[in-house]
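# Descriptive analysis of the structure
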Amino acid sequence: MTLEPHNMVGAYALDALDDDERAEFEAHVDRCPECTDELVGFLETASRLGATTEGAPPAHLRGQVLAAATRTPQERPVVLPLSRRGRTRRIVSRVGLAAAAMALVATGGLAVVEHNQAEEGERDLAGISDVISADDATMKSTQVGDDGTAKLVMSKDLDRAVLVVKNLPKLQRDRVYQMWTIADGKAESAGVISASDSTGSSSHMMSGVSGVGAVAITVEPDGGSEKPTTKPITQIST
Amino acid sequence: MSEPQRHRLRAVSSTPAPADLGADLVHVARGDEAAFGRVYDAVSAAVFGLVRRVIRDPARAEEVTQEVFLQVWQSAHRFDPERGKAKSWILTLAHRRAVDAVRHDQAATDRDQKYDWSGGPDYDVVEEEVSTTLEHEQVRRCLGSLTDLQREAVGLAYYKGHTYADVAKLLGVNPATVKTRMRDGLIRLRDCMGVTA
């Protein structure tokens, strides 16, 4: 144990470290039983500072949260070898959780919420949450029409991206939205967005995106096209 | 802009016994949606109260509150009932997330310009719709037992989401000193509150 990281215990428990220092401390605490003991007490103390005021959230939030949970897969517990279990391990997992929470915020936790409103297969859900929670995930967002949005969450490590669209402008009955990945000046179809998906919120997984420079959405005849036949209504560069 | 009101102490009766909350959280870890609803009912006011205090903007606080609960849902298996209280676990998550959101948003707006932090944080002044809890008196008393520098360092970090480096700038003190004051301030608070780790 060196004095310097140990001195960070207080600042860590108050969430007063920047991202780099936080990561440094979390790496350190793994090897520092003294830090672990102190940290457990400090986190409890800090949470009491946080328990001094209450304010009921808007009533509609309850239904929103419960509905989102219903559609969100839970993490699977990581089973540790017996020899590694114990006090230190437990606190580390607590710390790791906080780090995971941070990653989700940084990479667009909102997208998770929106994608939960979509009708998706279970496997897609798991894949989407992998992308969104990837360490290297980036998010870019554009406005489409008056109140529509398209958000692209991309993980180069996973070579996958998720396009989250919401409130796209209503189309004629025989038209659909189609997604395209643009690489080396070529557009490749990434699938169509069904009429019901385009009015609400939906998420669309794309694989093999490492060389992709942009993702675009065009309006195409029902069933989609082999190549874009109209100019994109939006384009997001990666 | 309305002047912040000085609150009156009100007992909050909705807080359930911690044991129930811990048991519910264990059920949540197994995918029990009814238990998740009970957890929400038990701590949503505490979570929203804390998040809003850090974030200020109610709409943003609502978003972050939802993210906190989804995180609780997804990772409830990480909660160890032998190791700590369920409410503390959830508030730890909520605080981290609120602070990260504030810092993220800070990139767009220079928050320090908007803050009136002169004269140090005022722990008694809270937003109108927020009520105080039974814990409040003890926390207030214990914060009062800190040195001014300890109290300001802890308060600016915890309630305003500042990093210790920001706190050092705000207070015109060496960053290393701020880190040390945060730690010894927390030691004093912990002992005053009778927290046993």
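Residues numbered from 1 in each chain as written. Chains lettered and ligands numbered in written order. Predicted model: local features only at pLDDT ≥ 70, side-chain atom pairs only at ≥ 80, totals over all residues. Heavy atoms only, no water.

## A few points about the overall build of chain B
We apply this condition: Secondary structure is summarised from DSSP: a helix means a run of H or I of at least four residues, a strand means a run of E of at least two, and numbering begins at the N terminus for each. Note on classification: 1.4 Å probe, protein chains only; a residue is buried when its accessible area is under 20% of the maximum for its type, exposed when over 50%, partly exposed between these limits. Pairs of residues are marked as contacts when any of their non-hydrogen atoms sit within 4.5 Å. Only the protein chains shown count as cover for residues, and all accessible areas are computed by the Shrake-Rupley method using a 1.4 Å probe.
Secondary structure assignment for chain B yields nine helices and three strands. Mapped in sequence order, the helices and strands of chain B form the string β-α-α-α-α-α-β-β-α-α-α-α. A total of 197 residues make up chain B; the buried ones form 53% of that total. Considering only residue pairs separated by 6 or more positions, chain B has 69% of its internal contacts joining residues 24 or more positions apart. Summed over all atoms, the accessible surface of chain B reaches about 8,900 Å², with 49% contributed by carbon and sulfur.

## Quick look at the packing of helix α3 (residues 58-75) of chain B against helix α4 (residues 86-106) of chain B
All names here are of chain B. Counted only if it meets this: All axes here are fitted lines through C-alpha atoms, helices being fitted over the stretch that makes contact, and every angle between N-to-C directions spans 0 to 180 degrees. Roughly parallel means an angle under 35 degrees; roughly antiparallel, over 145; roughly perpendicular, 65 to 115; everything else is oblique. For any helix crossing, the convention is left-handed if the near helix is rotated counterclockwise from the far helix by under a right angle, and right-handed if that rotation is clockwise. Lys, Arg, Asp and Glu make up the charged group, whereas Ala, Val, Leu, Ile, Met, Phe, Trp, Tyr, Cys and Pro make up the nonpolar group; the residues left over, Gly among them, are polar.
The interhelical angle for the contact between α3 and α4, taken along N-to-C directions, is 135°, at an axis separation of 9 Å. When the axes of α3 and α4 are compared, the pair comes out oblique. The element α3 and its partner α4 pack so that their crossing is right-handed. Contacts from Arg60, Val64, Glu67, Val68, Gln71, Val72 and Ser75 of α3 reach α4 at Trp89, Ile90, Leu93, Ala94, Arg97, Ala98, Ala101, His104 and Asp105. When its residues are assigned to classes, the contact of α3 with α4 shows nine nonpolar, three polar and four charged.

## Points about the sheet that holds strand β5 (residues 175-183) of chain A
All names here are of chain A. Selection criterion: Strand pairing is defined by DSSP finding a minimum of two bridges between the two strands.
Pairing in this open sheet of four strands is antiparallel, and the strands run β6-β5-β8-β9 from one edge to the other. Bordering the open sheet on either side are β6 (186-193) and β9 (234-237), each of which pairs with just one other strand. Taken pair by pair, the neighbouring strands of this sheet meet at an average axis angle of 30°, ignoring direction. Where strand β8 (residues 214-221) lies against β9, four bridges are found, and the strand directions are antiparallel.

## Describing a negative patch on the surface
To keep things clear, this is the line we draw: Patch definition: residues with relative accessible area over 30% and no salt bridge; like charges joined within 9 Å; nonpolar side chains (Val, Leu, Ile, Met, Phe, Trp, Tyr) joined within 5 Å. In the sections that follow, a salt bridge refers to a side-chain nitrogen of Lys or Arg positioned within 4 Å of a carboxyl oxygen of Asp or Glu. In this count, Lys and Arg are taken as positive residues and Asp and Glu as negative ones, while His and the chain termini are left out. The atoms used to mark charge sites are NZ of Lys, CZ of Arg, CG of Asp and CD of Glu.
Together, A:Asp18, A:Asp19, A:Asp20 and A:Glu24 give the surface a local cluster of negative charge. Checked against the element boundaries, A:Asp19 lands in helix α3 (residues 19-29).

## Considering the state of the cysteines
Residue and element names in this part refer to chain A. Operational definition: The disulfide criterion used throughout: a pair of cysteine sulfur atoms within 2.5 Å.
Throughout the structure, instances matching the rule amount to two disulfides over all chains. Here cysteine 32 pairs with cysteine 35 through a disulfide, and the sulfurs are 2.3 Å apart. Here the disulfide of cysteine 32 and cysteine 35 is right-handed, its torsion about the S-S bond being about 75°. Like cysteine 35, cysteine 32 is buried.

## Points about the sheet that holds strand β7 (residues 201-207) of chain A
Residue and element names in this part refer to chain A. Judged by pairing direction, the sheet is antiparallel, and its four strands sit side by side in the order β2-β3-β4-β7 without closing on themselves. Edge positions in the open sheet fall to β2 (138-144) and β7, since each of these has one partner strand only. Neighbouring strand axes in the sheet, compared pairwise and without regard to direction, differ in orientation by 15° on average. Alignment of strand β3 (residues 148-155) against strand β4 (residues 160-166), held across seven bridges, turns out to be antiparallel. Following the sheet pairing, valine 153 is matched in β4 by valine 162.

## Quick look at the pairing of β6(A)
All names here are of chain A. Note: β5 against β6, six bridges, orientation antiparallel. Considered in β6, the bridge of tyrosine 177 is made with isoleucine 193. Counted along the chain from β5 to the antiparallel partner β6, the turn is two residues long, and its residue aspartate 184 has a positive phi close to 50°.

## As for the pattern of salt bridges
Summed over the entire model, instances satisfying the criterion amount to 17 salt bridges over all chains. Across the salt bridge formed by A:Asp15 and B:Arg96, the nearest N and O atoms sit 2.8 Å from each other. Residue A:Asp15 is located in the loop between α2 (9-13) and α3, and its partner B:Arg96 is located in helix α4; the two belong to separate chains. In terms of burial, A:Asp15 and B:Arg96 fall into one category: buried. Between B:Arg78 and A:Glu75 there is a salt bridge, with the nearest N and O atoms lying 2.9 Å from each other. In this pair, B:Arg78 sits in the loop between α3 and α4 while A:Glu75 sits in the loop between α5 (60-70) and α6 (87-106), so the two residues belong to two different chains. Take B:Arg78: its relative accessible area is 23%, and that puts it in the partly exposed class. Since its relative accessible area comes to 26%, A:Glu75 is described here as partly exposed. Among the charged side chains, a network of salt bridges with common partners joins A:Asp15, A:Glu26 and B:Arg96.

## Observations regarding the confidence of the model for chain A
Residue and element names in this part refer to chain A. Definition in use: Known as pLDDT, the predictor's per-residue confidence is scaled from 0 to 100.
Summing up the model confidence of chain A, the mean pLDDT is 74 and the portion of residues at 70 or higher is 76%. Averaged pLDDT values over the elements of chain A bottom out at 35 in helix α7 (residues 109-116) and peak at 95 in α2. This model gives residues 78-123 a pLDDT under 50, and the stretch forms 97 contacts once residues within four places in sequence are excluded.

## Points about the packing of aromatic side chains
Residue and element names in this part refer to chain B. We apply this condition: Any two rings among Phe, Tyr and Trp, with Trp reduced to its six-membered ring, count as a pair given centres within 6.5 Å; such a pair is stacked if its planes are under 30 degrees apart, edge-to-face if over 60, and tilted if neither.
For the structure shown, the criterion picks out five aromatic pairs over all chains. Aromatic pair tyrosine 40 and phenylalanine 69: ring centres 4.8 Å apart, planes at 50°, arrangement tilted. One end of the pair, tyrosine 40, is in helix α2 (residues 33-55); the other, phenylalanine 69, is in helix α3, and 29 residues separate them in sequence. Each member of the pair, tyrosine 40 as well as phenylalanine 69, is classed as buried. Here the aromatic rings of tyrosine 158 and tyrosine 159 are separated by 5.4 Å at their centres, their planes lie at 85°, and the arrangement is edge-to-face. A residue is classified by how much of its surface remains accessible, and tyrosine 159, at 6% relative accessible area, is buried.

## Quick word on unusual backbone geometry
Trans peptide bonds make up most of the peptide bonds, and negative phi angles are found at most residues other than glycine. Although it is not a glycine, A:Asp159 adopts a positive phi angle of roughly 60°. Tracing the chain through its elements places A:Asp159 in the loop between β3 and β4. Judged by its relative accessible area of 25%, A:Asp159 is partly exposed. Even without being a glycine, B:Arg56 presents a positive backbone phi close to 75°. Relative to the elements of secondary structure, B:Arg56 occurs in the loop between α2 and α3.

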